[in-house]
Every structure is written in structure tokens, then in C-alpha cells.
Amino acid sequence: MLALKKKREAEAKAKAEAEAAAKANGTATVQAPADSNKVSLLGIGGKKKKANDGNGASGKKKRTPGEIRIQKDIADLDGGKVANIEFPNPNNLTAFEVSITPDSGYWKNATYNFKFDIPDHYPHTPPKVHCETKIY
């Protein structure tokens, strides 16, 4: 702690001497900012990040928890020959269609279409499933 205090005093003294010499010579000197050699450790110190000005200049859309969770769940999904998953918009994983065609039993070769809409808060809010095929 004492060494750091002495170092700062020496830097301040050197800066004051440089400014006095510049005034005596009548020339202006440009110095680098004193904080340029700070190290950021656990978000403390160092350069601050520029805040987003709110107009979406960052170019990235923030992903919702539902999109993150559904990406993981769809990767684990396997319907085999029975189910076929279609994404009308490949960039939107929260809306998709599933067609199921049973390969055995009384409903063999029948096709049932379902439309899934997954809300933004998917892990906490259930998805909406609509059966597009009329079942009597």
C-alpha cells in the first residue's frame, strides 16, 4: 500500500514538472491518459464499456429465455419416422409445425398436424399447441 502511494506521488510530481517545463518553453505537450495502464480485474477498474444509447446500435437482438431453452429442447427432440418438424421461419424457433403419421395401430397412415407457439417466458409459461387436423 505504501509503495503504491509513493508511486502515485512520483507520477504526480513528474507530471507537474513536465507541465512546468512546457510552460517555460512555451510549447504544449500531449500526454496519454494516466488510467491507460489500469488492469480490469473482476470488472473493477480499467476502461468502462460504452453504454448502449437505446437505439439498438449494437446490432444484436437480445435472446429471450424461451428462445434459449427451446433451442436446447429442439436439439434433444427426435421424432423418428413418425413425426416431422417444420419451421416456417428458420430464424424463429418459437413457432413451428409438427406432423405426426402413426405407422401402426388403428390410425395407421393418418396424418395429424399441430402448430406450436412458444411464449417468451417458455420455461415458466406453457407453449400453445393447436391441432390443425379435425378429429371426429
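Right above here is the structure, for reference.
As a starting point, this report considers the structure included with it. (Residues numbered from 1 in each chain as written. Predicted model: local features only at pLDDT ≥ 70, side-chain atom pairs only at ≥ 80, totals over all residues. Heavy atoms only, no water.)

### Quick word on the overall build of the protein
Okay, so step 1: A count of helical and extended segments in the protein gives 2 helices and 4 strands.
Okay, so step 2: Seen in sequence order, the protein has helices and strands lined up from the N terminus as α-α-β-β-β-β.
Okay, so step 3: When the 136 residues of the protein are sorted by exposure, 10% land in the buried category.
Okay, so step 4: Of all intrachain contacts in the protein linking residues separated by at least 6 positions in sequence, the fraction that spans at least 24 positions is 14%.
Okay, so step 5: For the protein, the exposed area adds up to about 12100 Å²; of that, 56% sits on carbon and sulfur atoms. (Helix = DSSP H or I, 4+ residues; strand = E, 2+ residues; numbered from the N terminus. Buried < 20%, exposed > 50% of the residue type's maximum accessible area, 1.4 Å probe, protein only. Contact = heavy atoms within 4.5 Å. Areas by Shrake-Rupley, 256 points an atom, 1.4 Å probe, with all protein chains shown as cover.)

### So, the environment of Thr64
Okay, so step 1: One can find Thr64 in the loop between helix H1 (2–25) and helix H2 (65–76).
Okay, so step 2: In this structure Thr64 comes out as buried when scored by relative accessible area, which is 19%.
Okay, so step 3: Taking the C-alpha atoms as reference points, Thr64 and Asp120, separated by 56 residues in sequence, lie 5.9 Å from one another.

### Re the nonpolar core
Okay, so step 1: One finds Ile70, Ile74, Phe96, Val98, Ile118 and Tyr122 forming the largest nonpolar core, which totals 6 residues.
Okay, so step 2: Of all the secondary structure elements, the ones that give two or more residues to this core are H2 and strand S2 (95–100).
Okay, so step 3: Excluding its chain neighbours within four sequence positions, the residues that come into contact with Ile118 are Ile70, Leu93, Thr94, Phe96 and Pro127. (Core = buried A, V, L, I, M, F, W, Y, C linked by side-chain atoms within 4.5 Å.)

### A closer look at the sheet that holds strand S1 (residues 83–86)
Okay, so step 1: The antiparallel open sheet is built from 4 strands, whose spatial order is S1-S2-S3-S4. The sheet is open, and its two edges are formed by S1 and strand S4 (128–131), each paired on a single side. Going across the sheet, the axis of each strand differs from the next one's by a mean of 20 degrees, ignoring polarity.
Okay, so step 2: In this structure, S2 lies alongside strand S3 (residues 112–117), joined through 6 bridges in antiparallel fashion. Along S3, the bridge assignment pairs Glu97 with Lys115. (Pairing = 2+ DSSP bridges. Axes fitted to C-alpha atoms, helices over the stretch in contact; angles between N-to-C directions.)

### Some details on the pairing of S3
Okay, so step 1: Inspection of the sheet shows S3 paired to S4 by 4 bridges, in the antiparallel sense. Looking at S4, one finds that Lys115 is bridged to His130.

### Some remarks on the side chain of Ser99
Okay, so step 1: Turning to its location among the elements, Ser99 is positioned in strand S2.
Okay, so step 2: The residues touching Ser99, leaving out its near neighbours within four places in the chain, are Val82, Ala83, Asn84, Thr111, Tyr112 and Asn113.

### Observations concerning the packing of aromatic side chains
Okay, so step 1: By the definition in use, this model includes 3 aromatic pairs.
Okay, so step 2: Ring plane angle 45 degrees and centroid distance 5.4 Å describe the contact between Phe87 and Phe96, whose orientation is recorded as tilted.
Okay, so step 3: Residue classification places Phe87 among the partly exposed residues on the basis of a relative accessible area of 29%.
Okay, so step 4: Ring centres of Phe96 and Phe116 lie 5.0 Å apart, and the angle between their planes is 5 degrees; this geometry places the pair in the stacked category. (Phe/Tyr/Trp six-rings, centres within 6.5 Å; stacked < 30°, edge-to-face > 60°.)

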